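# Residue-level structure breakdown
Below are the chains, spelled out letter by letter.
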Amino acid sequence: MRIVSESGKLAVPSEPDIVCIDGDGVGIEISPLMRAVVDSAVASAYGNRRINWISALAGGKAMEECGSNLPDETLRLISSSLVAIKGPIMTPVGKGMRSVNVALRQALDLYVCLRPVEYFDETPAPVRHPELVDMVVFRENTEDIYAGIEWAAGTEEVKKVISFLSDEMSVSRIRFPSSSAIGIKPVSREGSERLIRAAIRYAMENKRRSVTFVHKGNIMKFTEGGFRSWGYELAEREFGAVRRDGKLFIGDIEIKDCITDAFLQNILLRPEDYDVIATTNLNGDYVSDALAAQVGGIGISPGANLNYETGIAVFEATHGTAPDIAGQDIVNPLSMILSAAMMLSYIGWNEAAEIIRRSVRQQIASHRVTRDFAYLMAKEGKSCTELGTSEFVSELIEGCC
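In this convention, every chain numbers its residues from 1, walking through the sequence in written order. Per-residue local features of the predicted model are confined to residues with pLDDT of at least 70, and side-chain atom pairs are confined, for both listing and counting, to 80 or more; whole-chain, interface and lining totals are unaffected and use all residues. The basis for every side-chain value is the complete set of non-hydrogen atoms in the structure, without hydrogens or water.

### Observations regarding the overall build of the protein
Numbering of helices and strands runs from the N terminus, with a helix taken as a DSSP run of H or I at least four residues long and a strand as a DSSP run of E at least two residues long. What the protein contains, in helices and strands, is 13 helices and 18 strands. Its C-alpha atoms give the protein principal-axis dimensions of about 65 × 60 × 50 Å. Relative to its 401 residues, the protein shows a buried fraction of 52%. Whether two residues are in contact is decided by their heavy atoms: any pair within 4.5 Å suffices. Partitioning the contacts of the protein with sequence separation of at least 6, the portion at a separation of at least 24 is 73%. Here the Shrake-Rupley method, with its probe set to 1.4 Å, supplies the accessible areas, and only the displayed protein chains count as covering residues. Summing over all exposed atoms, the protein offers an accessible surface of approximately 18200 Å²; the carbon and sulfur share of this is 51%. Relative accessibility thresholds used throughout: buried, under 20% of the residue-type maximum; exposed, over 50%; partly exposed, between the two (1.4 Å probe, protein chains only).

Right, here's the structure in full:
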């Protein structure tokens, strides 16, 4: 049964169709385990509800079977079902096919990359006070350098671009024009505003303390600087933000900004100063992974790609395919499992989502964990038991019952 978006609100049947893309590498292991955890939590929470999982292809297997790493049928299934979840998908560096993740975001206009960052007690972490990190990152997902507008050095195309910049736009600061590759960084008012609007609404609905625009506007004054300026203008125009004691507020929510490099320092020195983050695409990539490291690493970091107008949402493991450990039953599955908990909250099944999160908390607190956490716990001098991925998930499922 299909999930339907009605004026931006989801109508979810008791047996919704949800698309699942297993992915590549370790994705083939963790995707079925994630489904088992979700099915257990849903049965425990409701009894009369279940998810109808719809299998779809993307990545290496799709290329083998369909000749495309992102088949049209997969896009059709996601557009029809509205909600999907996927394992990690391989993307070559420097050559070959474009990223499936980026292609999905572009094709379905998934303009928000949502990355909540919270600490689970007893998770091994490299900072003294990881419990102070409690942020939600809204990363713009379709513009910036991830628009994929670039030309390789030495090509006829890049020569035309450099010639145009030099001859028509009087650009004289390309240091080595004969050997330069060129990329274009589009940042629009519309793209910035819809991302920032979503972040502010989230802060209001979830009673958060602040929204911070993270940018590099001191150097890129019209792109990153535009993002910052448009954010403040939006806060005042649409949300009635007012100044009190030199600060801008929407009700009790402070609206502020921070330059990216300073922000990356501040999240180590005083993370408690930040709450909801709105930022551009590349900044968001750096920021979300840096924050994930503070609370235990990307192996425990969930994520989603959303369009709040159409209702389409793709949840995902935020780590890579890890081919060096694929098939060895040692990968940490929590990024995908916690992404599934986000997915359940998105469709309004909050009780099932909380059952998963509670089981994760209990499992980590018991020190019965996968190899990555066991290694770090041992370094901290903690007694722990290393479990294989499948055994770890079996115990998570027990905790869901």
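Next comes the rest of the write-up.
### Digging into the nonpolar core
If you look at the biggest cluster of nonpolar residues, it comprises 94 residues, and the most contacted ones within it are Leu344 and Ile356. For this core, the element with the most residues is helix 10 (residues 334-346), which contributes nine residues. Setting aside chain neighbours within four positions, we find Ile356 in contact with Val37, Val38, Ala41, Ile337, Ala341, Leu344 and Cys400. We define the nonpolar core as a collection of buried residues of types Ala, Val, Leu, Ile, Met, Phe, Trp, Tyr and Cys that are connected through side-chain atoms lying within 4.5 Å of one another. Counting 15 residues, the second-largest nonpolar core is a separate cluster that includes Val133, Val214, Tyr274 and Leu291.

### Observations concerning the pairing of strand 7 (residues 134-140)
Burial within strand 7 is extensive, with six of its seven residues counted as buried. Two strands form a pair only when DSSP identifies at least two bridges running between them. Of the strand pairs in this sheet, strand 6 (residues 112-118) and strand 7 are connected by seven bridges, and their pairing is antiparallel. Note that in strand 7 the partner of Val117 across the bridge is Met135. As defined by bridge partners, strand 7 adjoins strand 14 (residues 276-279) across four bridges and the pair is classed as parallel.

### Topic: the side chain of Arg208
As for its placement among the helices and strands, Arg208 is situated in the loop between helix 6 (189-205) and strand 10 (210-215). Residue class for Arg208 comes out buried when judged on its relative accessible area of 16%. Only 3.2 Å separates the side chain of Arg208 from the backbone oxygen of Asp134, close enough to count as a polar contact. Other than its neighbours up to four places away in sequence, Arg208 contacts Asp134, Met135, Val136, Tyr202, Ala203, Ile253, Asp275 and Val276. Here a polar contact is recorded for every N or O atom pair within 3.5 Å, except that within protein the pair must consist of a potential hydrogen donor and a potential acceptor, and residues adjacent in sequence are included only if both atoms are side-chain atoms.

### So, the environment of Leu70
In this structure, Leu70 sits in the loop between helix 2 (60-66) and helix 3 (72-81). As a C-alpha pair, Leu70 and Ala58 span twelve residues in sequence and 4.9 Å in three-dimensional space. Filtering out sequence-adjacent residues up to four positions away, Leu70 remains in contact with Ala58, Leu75, Val100, Ala103 and Leu104.

### What about the packing of aromatic side chains?
When two rings of Phe, Tyr or Trp (its six-membered ring) have centres within 6.5 Å they constitute a pair, described as stacked for plane angles under 30 degrees, edge-to-face for angles over 60, and tilted for the intermediate range. All chains considered together, the criterion is met by five aromatic pairs. Criterion for a charge above a ring: Lys NZ or Arg CZ within 6 Å of the ring centre, and within 35 degrees of the ring normal. Positioned above the aromatic ring of Phe249, the side-chain terminus of Arg244 is 4.2 Å from the ring centre.

### What to know about the packing of helix 8 (residues 260-269) against helix 9 (residues 281-294)
Between N-to-C directions, angles span 0 to 180 degrees; the directions come from axes that are lines fitted to C-alpha atoms, helices contributing only their stretch in contact. Close contact between helix 8 and helix 9 brings their axes to 11 Å; oriented N to C, the two are set at 10°. Considering the angle they form, helix 8 stands roughly parallel to helix 9. Residue-level contacts link Thr260, Phe263, Leu264, Ile267 and Leu268 of helix 8 to Asn283, Val287, Ala290, Leu291 and Gln294 of helix 9. Considering only residue class, the contact of helix 8 with helix 9 consists of seven nonpolar, three polar and no charged. The labels follow the angle: roughly parallel below 35 degrees, roughly antiparallel above 145, roughly perpendicular from 65 to 115, and oblique for the rest. All amino acids are sorted into three groups, where Ala, Val, Leu, Ile, Met, Phe, Trp, Tyr, Cys and Pro are nonpolar, Asp, Glu, Lys and Arg are charged, and the leftover types, Gly among them, are polar.

### Considerations on a nonpolar patch on the surface
Taken together, the side chains of Phe164, Met169 and Val171 make up a nonpolar region of the molecular surface, amounting to roughly 270 Å² of accessible area. On the secondary structure map, Met169 appears in the loop between helix 5 (156-167) and strand 9 (182-183). A relative accessible area of 49% means that Met169 is categorised as partly exposed. Residues enter patches when their relative accessible area tops 30% and they take part in no salt bridge; the joining distance is 9 Å for like charges and 5 Å for the nonpolar side chains Val, Leu, Ile, Met, Phe, Trp and Tyr. The salt bridge definition used is simple: a Lys or Arg side-chain nitrogen within 4 Å of an Asp or Glu carboxyl oxygen.

### Describing the sheet that holds strand 6
Taking strand neighbours across the sheet as the criterion, the twelve strands line up as 4-3-5-16-15-6-7-14-10-13-12-11 in an open arrangement whose pairing is mixed. Single-partner strands in this sheet number two, and they are strand 4 (52-56) and strand 11 (242-244). Averaged over all pairs of adjacent strands, the angle between strand axes in this sheet comes to 30°, irrespective of strand direction.

### Re the packing of helix 6 against helix 7 (residues 224-239)
Taken N-terminus to C-terminus, the directions of helix 6 and helix 7 make an angle of 55°; their axes are 9 Å apart at the nearest point. It follows that helix 6 is oblique to helix 7 by the angle criterion. Judged by the twist between their axes, the crossing of helix 6 over helix 7 is right-handed. From helix 6, Arg189, Ser192, Glu193, Leu195, Ile196, Arg197, Ile200, Arg201 and Met204 reach across to helix 7, where they touch Phe227, Trp230, Gly231, Glu233, Leu234, Ala235, Arg237, Glu238 and Phe239. Residues belonging to the contact of helix 6 with helix 7 are distributed by class as follows: nine nonpolar, two polar and seven charged. Crossing handedness follows the turn of the near helix against the far one: under a right angle anticlockwise gives a left-handed crossing, and clockwise gives a right-handed one.

### Some remarks on the environment of Ala293
The residue Ala293 is located in helix 9 in this model. We classify Ala293 as partly exposed; its relative accessible area is 35%. Taking the C-alpha atoms as reference, Ala293 lies 7.6 Å from Pro126; in sequence the two are 167 residues apart.

### Brief notes about the pairing of strand 16 (residues 313-317)
Regular strands have side chains that alternate between both faces of the sheet. Summarising burial for strand 16: five of the five residues are buried, a large majority. Because side chains alternate across strand 16, one face comprises the buried residues Ala313, Phe315 and Ala317, and the other comprises Val314 and Glu316, equally buried. Of the strand pairs in this sheet, strand 5 (residues 83-86) and strand 16 are connected by four bridges, and their pairing is parallel. Bridge pairing in strand 16 links Val83 to Ala313. Pairing between strand 15 (residues 302-306) and strand 16: five bridges, direction antiparallel. Bridging across to strand 16, Ala304 finds its partner in Phe315. In sequence, strand 15 turns back onto strand 16 through a hairpin of six residues, with Gly311 there showing a positive phi of about 90°.

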